[in-house]
Amino acid sequence: MARGLRRFLARADAALCFAETAFMGAAIAAASLVLFANVVLRYVLLAPISWAEEISIYLVIWIVFVGASVLIRTGGHITVDLLPRALPPLGQRVLFFTVMILMLCFLAVFIYYSGVHTLRVRSAGQLTPIMLAPMWLTYLAMPVGGALMFLRTSQLLRKVVRGTPETAIGGIDAHD
């Protein structure tokens with residue numbers, strides 16, 4: 001039973017990794033193409049795309065929050081590792097454990113309040129200025145990104161508890 005569950009969780013994690021990476025690639029490509037097309041249309045045909053800047057901004061917001069989760073997974077966030085490297089292994093584990101718990105607490109509060117705010121914007125019926133799309137879809141990036149970061153931080157915490165802190169420094173994918 002436990003073996004089947006581990007296999008299922010490994011496949012679910014691989015699917016989530018693929019979805020995060022695919023979303024990032026697609027969103028960056030879409031924003032780039034829309035902005036490029038807008039520049040060409042604006043300066044060559046004198047007919048800009050009215051919604052190009054707006055959709056690009058909203059895509060960048062999603063890229064930031066989903067990308068933060070990817071960076072937790074890959075160990076890509078900027079870190080100052082002078083203190084952990086100066087500590088003995090037990091001190092490193094305690095430090096990383098404490099940092100992960102604090103991150104999880106922060107992310108739990110962030111998910112809650114960003115979710116409340118997203119629901120408030122949805123109930124208000126707020127629309128984007130140019131596209132007239134529901135504004136809550138943009139705000140949804142915060143709780144979704146927060147939940148992804150919470151999941152990835154939980155995975156790092158599990159690595160710290162089960163292994164050595166060095167495996168957590170580089171992220172989840174560092175030594176897998």
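Structural data are supplied above this passage.
Residues numbered from 1 in each chain as written. Predicted model: local features only at pLDDT ≥ 70, side-chain atom pairs only at ≥ 80, totals over all residues. Heavy atoms only, no water.

**A closer look at the overall build of the chain**
The secondary structure content of the chain amounts to seven helices and zero strands. Starting at the N terminus and ending at the C terminus, the chain contains elements arranged as α-α-α-α-α-α-α. The C-alpha atoms of the chain give a radius of gyration of 20 Å, which is well past the 16 Å a tight globule of 176 residues would have. Overall, the C-alpha framework of the chain stretches about 65 × 40 × 35 Å when taken along its three principal axes. Burial statistics for the chain: of 176 residues in total, 31% are counted as buried. Considering only residue pairs separated by 6 or more positions, the chain has 69% of its internal contacts joining residues 24 or more positions apart. Roughly 11000 Å² of accessible area belongs to the chain as shown, and the carbon and sulfur atoms make up 74% of that amount. Put simply, the chain has 14 plus and 8 minus side-chain charges, and the middle of one group is 10 Å from the middle of the other. (Helix = DSSP H or I, 4+ residues; strand = E, 2+ residues; numbered from the N terminus. Rg over C-alpha atoms; globule rule 2.2 N^0.38 Å. Buried < 20%, exposed > 50% of the residue type's maximum accessible area, 1.4 Å probe, protein only. Contact = heavy atoms within 4.5 Å. Areas by Shrake-Rupley, 256 points an atom, 1.4 Å probe, with all protein chains shown as cover. Lys, Arg positive; Asp, Glu negative; His and termini not counted. Charge placed at Lys NZ, Arg CZ, Asp CG, Glu CD.)

**Quick word on the pattern of salt bridges**
Any two side chains of opposite charge can pair if their charged atoms end up close together. Enumeration over the complete set of coordinates arrives at four salt bridges. Between Asp13 and Arg152 there is a salt bridge, with its nearest N and O atoms 2.5 Å apart. In this pair, Asp13 sits in helix 1 (residues 2-43) while Arg152 sits in helix 6 (residues 141-162), placing the two residues 139 residues apart along the sequence. With its nearest N and O atoms 3.0 Å apart, the salt bridge here joins Glu20 to Arg152. One end of the pair, Glu20, is in helix 1; the other, Arg152, is in helix 6, with 132 residues separating them in the sequence. Take Glu20 and Arg152: they sit in the same class, and that class is buried. One connected set of salt bridges, linked through shared partners, spans Asp13, Glu20, Arg73 and Arg152. (Salt bridge = Lys/Arg side-chain N within 4 Å of Asp/Glu carboxyl O.)

**Thoughts on the nonpolar core**
One finds Met24, Phe65, Val66 and Met149 to be the most contacted residues of the largest nonpolar core, which totals 20 residues. Take this core: its biggest share by element is eight residues, from helix 2 (residues 52-74). Look past the residues within four positions of Phe65 in its chain and what remains in contact with it is Phe110, Ala141, Met142, Gly145 and Met149. (Core = buried A, V, L, I, M, F, W, Y, C linked by side-chain atoms within 4.5 Å.)

**Brief notes about unusual backbone geometry**
Non-glycine residue Leu46 carries a positive phi angle of around 55 degrees. The topology assignment puts Leu46 in the loop between helix 1 and helix 2. Located in the positive-phi region is Leu132, a residue other than glycine, with phi close to 60 degrees. Examined against the element boundaries, Leu132 turns out to sit in the loop between helix 4 (89-124) and helix 5 (136-139).

**Here's the deal with the packing of helix 2 against helix 6**
At their nearest, the axes of helix 2 and helix 6 sit 8 Å apart, and the two run at 0 degrees to each other. As summarised for this structure, helix 2 and helix 6 are arranged roughly parallel, according to the angle between their axes. From helix 2, Ile61, Trp62, Phe65, Val66, Ala68, Ser69, Ile72 and Arg73 reach across to helix 6, where they touch Ala141, Met142, Val144, Gly145, Leu148, Met149, Arg152, Thr153 and Leu156. Here the contact of helix 2 with helix 6 is composed, by residue class, of 12 nonpolar, three polar and two charged. (Axes fitted to C-alpha atoms, helices over the stretch in contact; angles between N-to-C directions. Parallel < 35°, antiparallel > 145°, perpendicular 65-115°, else oblique. Nonpolar A, V, L, I, M, F, W, Y, C, P; charged D, E, K, R; others polar.)

**Concerning the side chain of Ser114**
Structurally, Ser114 is set in helix 4. In this structure the side chain of Ser114 is engaged in a polar contact, spanning 2.7 Å, whose partner is the backbone oxygen of Phe110. (Polar contact = N/O pair within 3.5 Å; in protein donor to acceptor, adjacent residues only side chain to side chain.)

**A word on the side chain of Ser56**
Residue position: Ser56 is located in helix 2. When sequence neighbours within four positions are dropped, the list of residues in contact with Ser56 reads Ala31, Val34 and Leu35.

**A look at a nonpolar patch on the surface**
Taken together, Phe36, Val40, Val44 and Leu45 make up a surface patch of nonpolar side chains, about 420 Å² in accessible area. Of note, Val40 is situated in helix 1. (Patch = residues over 30% accessible without salt bridge, like charges linked within 9 Å, V, L, I, M, F, W, Y side chains within 5 Å.)

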